[in-house]
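# Notes for the structure review
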Amino acid sequence: MNQHVLNIIKKYQWAVGGAMVLMVVLWLTYSLLVPNISKYEAIKSSNTSRQKKMADMLGQISKFETLNTQQYERDLVNIIRVLPSEKDFLSAFDRVDQLQRSSGVTIDSLTIDLGSVSTVSAAKKADQYGSYLALSLSVRGTSEQLKTFLSKTNDFSGRIIIVSNIKSGIKNSGDIQSHLEAKMYFGALKYADSDNIQLSQAQQTVMDKILASQAFFVQTEDTGVVGKGKKNLFTR
Amino acid sequence: MIEKRQLNLIILKDDELPILKSARKYLPIAGFISLAVFLCGYFYYYNNIVKISSVQEKIDSDYRMYEKRIENLRAKQQLTGTVISRLDQVIKLEKLPKQELTIDKIMSLEDYGVTVTGYTISDFEKISISMTASSSAALDNFVEAIHEKEKNKEFKEIFARSVVREKDGYYNFVLELKNGAAKTSG
């Protein structure tokens with residue numbers, strides 16, 4: 001009997017050994033090789049994506065490091081004159097006065113919807129073009145003067161005013177009495193990251209128009225002191 | 001002297017199952033091959049991980065350096081972004097219809113023998129015009145002219161409210177229409 005068992009063991013020793021090696025290899029593959037393959041693939045893919053990102057970053061760096069931003073700073077100042085970052089009621093009144101002087105119309109009344117004065121972020125009117133101050137004006141003058149007034153509202157010589165509604169009555173003398181409803185846009189400066197450093201043709205055209213319209217712009221400094229703790233009543 | 005030997009001519013019965021026979025034959029080979037493959041694979045990937053890890057360290061340090069450089073350029077990037085987004089907003093506003101051109105179109109109707117006594121423009125598009133014609137012939141001429149304007153796409157959806165004839169023979173009427181795409185030549 002013992003001889004028979006020994007014979008069987010002897011007969012299958014290599015087969016059993018092979019099977020055991022196979023099982024050990026399977027276990028080692030699962031516990032060592034597979035994690036190593038995953039780790040390798042993860043590092044490889046991370047390196048590839050980082051290298052790609054670095055190429056983009058290098059492109060940005062080379063673009064922005066050589067960029068002289070002085071022109072952009074000057075452009076922004078000019079843009080803010082037509083589209084300010086705050087409600088700035090004083091400049092709104094100034095702008096309407098300027099339009100009255102340059103067009104020859106007589107403004108009988110001007111109403112600016114003040115909205116919230118306390119904070120800039122408080123509830124404000126806004127539409128698809130941005131936040132705005134609502135204006136209503138009663139204007140008197142000839143048809144030509146009214147047209148001049150309207151053409152100057154968005155000629156970039158000052159804050160943009162968009163007149164959306166007009167109600168005019170024409171007198172026998174040819175004079176026109178008009179009621180205008182308009183919007184004066186503004187918006188907080190949102191610093192937006194951009195990969196573009198070149199203005200598109202449309203943007204450059206508008207920028208050129210703004211610069212041309214403001215070539216003789218003389219900045220008036222507001223040195224008035226109003227109230228306590230505020231620079232003036234209507235701005236932050 | 002001849003040695004005596006026994007000769008067994010009975011063939012022993014082979015009762016081993018074929019599967020065990022195959023196992024005995026192939027399992028040692030499979031075990032050996034799998035061990036060899038495992039060892040090759042393990043050392044191959046281990047070696048690669050060591051190599052790629054050193055590359056990764058270099059990439060990481062470069063990446064941090066680039067991030068720092070980008071961070072230093074953030075102000076420039078934001079400035080250009082702000083200028084561009086602001087200009088886009090100005091472009092949108094600039095594209096809105098010019099009301100002075102609409103008034104030009106309205107007043108040009110007087111060329112056809114009528115007198116404009118008032119007008120309303122709502123939301124750039126809806127227009128209502130009050131007019132006076134000195135005679136029915138003038139009114140007739142005007143109707144023809146306004147059809148022409150519609151064909152030229154200066155105005156569209158033209159609708160005339162009732163016409164009132166005054167004691168003095170003048171005709172007062174109100175026209176409701178919409179601003180068309182075409183601009184006046186003037």
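Nothing here was measured: the structure is a model prediction, and the numbers come from that model.

Conventions and cut-offs
Residues numbered from 1 in each chain as written. Chains lettered and ligands numbered in written order. Predicted model: local features only at pLDDT ≥ 70, side-chain atom pairs only at ≥ 80, totals over all residues. Heavy atoms only, no water. Phe/Tyr/Trp six-rings, centres within 6.5 Å; stacked < 30°, edge-to-face > 60°. Helix = DSSP H or I, 4+ residues; strand = E, 2+ residues; numbered from the N terminus. pLDDT = per-residue confidence, 0-100. Buried < 20%, exposed > 50% of the residue type's maximum accessible area, 1.4 Å probe, protein only. Arc of directions from axis to C-beta. Contact = heavy atoms within 4.5 Å. Buried area = accessible area lost by both parts, 1.4 Å probe. Salt bridge = Lys/Arg side-chain N within 4 Å of Asp/Glu carboxyl O. Polar contact = N/O pair within 3.5 Å; in protein donor to acceptor, adjacent residues only side chain to side chain. Nonpolar A, V, L, I, M, F, W, Y, C, P; charged D, E, K, R; others polar. Pairing = 2+ DSSP bridges. Axes fitted to C-alpha atoms, helices over the stretch in contact; angles between N-to-C directions. Left-handed = near helix turned anticlockwise from the far one by under 90°. Parallel < 35°, antiparallel > 145°, perpendicular 65-115°, else oblique. Patch = residues over 30% accessible without salt bridge, like charges linked within 9 Å, V, L, I, M, F, W, Y side chains within 5 Å. Areas by Shrake-Rupley, 256 points an atom, 1.4 Å probe, with all protein chains shown as cover.

### Concerning the packing of aromatic side chains
Residues and elements named next belong to chain B. Within the structure shown, the criterion is met by eight aromatic pairs over all chains. Ring plane angle 80° and centroid distance 5.5 Å describe the contact between Tyr42 and Phe43, whose orientation is recorded as edge-to-face. Summarising the aromatic geometry, the rings of Phe142 and Phe173 are spaced 5.6 Å apart at their centres and angled 50° between planes, so their arrangement reads as tilted. Note that Phe142 is positioned in helix 3 (residues 136-151) and Phe173 in strand 5 (residues 171-179), a separation of 31 residues in sequence. The structure contains a cluster of three or more aromatic residues connected by ring pairs, namely Phe38, Tyr42, Phe43 and Tyr46.

### A look at the confidence of the model for chain A
Summarising the model, chain A shows a mean pLDDT of 83, and 83% of its residues fall at 70 or more. The secondary structure element of chain A with the lowest average pLDDT is strand 2 (residues 126-127) of chain A, at 83, and the one with the highest is strand 4 (residues 161-170) of chain A, at 94.

### Quick look at helix 4 (residues 143-153) of chain A
Of the positions making up helix 4 of chain A, those classed as buried are Ser143, Leu146, Lys147, Phe149, Leu150 and Thr153 of chain A. Mapping the buried residues of helix 4 of chain A onto a view down its axis gives an arc of 160°, with all of them on the same face.

### Here we look at the interface of chain A and chain B
With 82 residues of chain A at the interface, the matching set in chain B holds 64 residues. Taken together, both faces of the contact between chain A and chain B bury some 7,000 Å²; the carbon and sulfur share is 69%. At the boundary of chain A and chain B, one finds four salt bridges. A salt bridge links Asp60 of chain B to Arg50 of chain A; the shortest N-O distance between them is 2.7 Å. Summed over the shared surface of chain A and chain B, the result is 19 residue pairs in polar contact (both at pLDDT 80 or more). Within the residue set of the side of chain A that touches chain B, elements represented by two or more residues are helix 1 (2-65), helix 2 (70-82), helix 4, strand 4, strand 5 (176-186) and helix 5 (201-213) of chain A. In terms of residue count, helix 1 of chain A provides more of the side of chain A that touches chain B than any other element does, 31 residues in total. Split by residue class, the side of chain A that touches chain B holds 45 nonpolar, 23 polar and 14 charged. Pairing geometry for strand 4 of chain A and strand 1 (residues 114-122) of chain B, over four bridges, is antiparallel. In the sheet register, Gly169 of chain A faces strand 1 of chain B, and the bridge partner there is Gly118 of chain B.

### Considerations on unusual backbone geometry
All names here are of chain B. The phi dihedral of Asp123 falls on the positive side, at around 50°, and the residue is not glycine. As for its placement among the helices and strands, Asp123 is situated in the loop between strand 1 and strand 2 (126-133). Of note, the phi angle at Lys153 is positive, near 65°, even though the residue is not glycine. Position of Lys153 among the secondary structure elements: in the loop between helix 3 and strand 3 (155-160).

### So, the packing of helix 2 of chain A against helix 1 (residues 18-94) of chain B
The relative placement of two packed helices comes down to the angle between their axes together with the axis-to-axis distance. Helix 1 of chain B packs onto helix 2 of chain A with a crossing angle of 35° between their chain directions and a minimal axis gap of 10 Å. Handedness of the crossing formed by helix 2 of chain A with helix 1 of chain B: left-handed. Contacts from Tyr72, Glu73, Asp75, Leu76, Ile79 and Val82 of chain A in helix 2 of chain A reach Leu79, Thr80, Thr82, Val83, Arg86, Leu87 and Val90 of chain B in helix 1 of chain B. Looking at the contact of helix 2 of chain A with helix 1 of chain B residue by residue, the class counts come to eight nonpolar, two polar and three charged.

### Describing the confidence of the model for chain B
Per-residue confidence for chain B averages 87 on the pLDDT scale, and 96% of its residues sit at or above 70. With a pTM of 0.68, the predicted complex shows an ipTM of 0.70.

### Quick notes on the packing of helix 5 of chain A against helix 1 of chain B
Running from N to C, helix 5 of chain A and helix 1 of chain B point in directions that differ by 80°, and their axes come no closer than 9 Å. Taken as axis vectors, helix 5 of chain A and helix 1 of chain B run roughly perpendicular relative to one another. Contact residues: helix 5 of chain A offers Ala202, Gln203, Val206, Met207, Lys209 and Ile210 of chain A, while helix 1 of chain B offers Ile84, Leu87, Asp88, Val90, Ile91 and Glu94 of chain B. Grouping the amino acids of the contact of helix 5 of chain A with helix 1 of chain B by side-chain chemistry returns eight nonpolar, one polar and three charged.

### Concerning a nonpolar patch on the surface
Residue and element names in this part refer to chain B. Taken together, the side chains of Tyr26, Ile29, Phe32, Ile33 and Val37 make up a nonpolar region of the molecular surface, amounting to roughly 560 Å² of accessible area. The residue Ile29 is located in helix 1 in this model. Of the residues examined, Ile29 reaches a relative accessible area of 45% and is grouped as partly exposed.

### Focus: the environment of Gly169 of chain A
Residues and elements named next belong to chain A. Mapped onto the elements, Gly169 comes out in strand 4. Judged by relative accessible area, Gly169 falls into the partly exposed class, the value being 28%. Residues Gly169 and Arg140 lie 29 residues apart in sequence; the distance between their C-alpha atoms is 9.9 Å.

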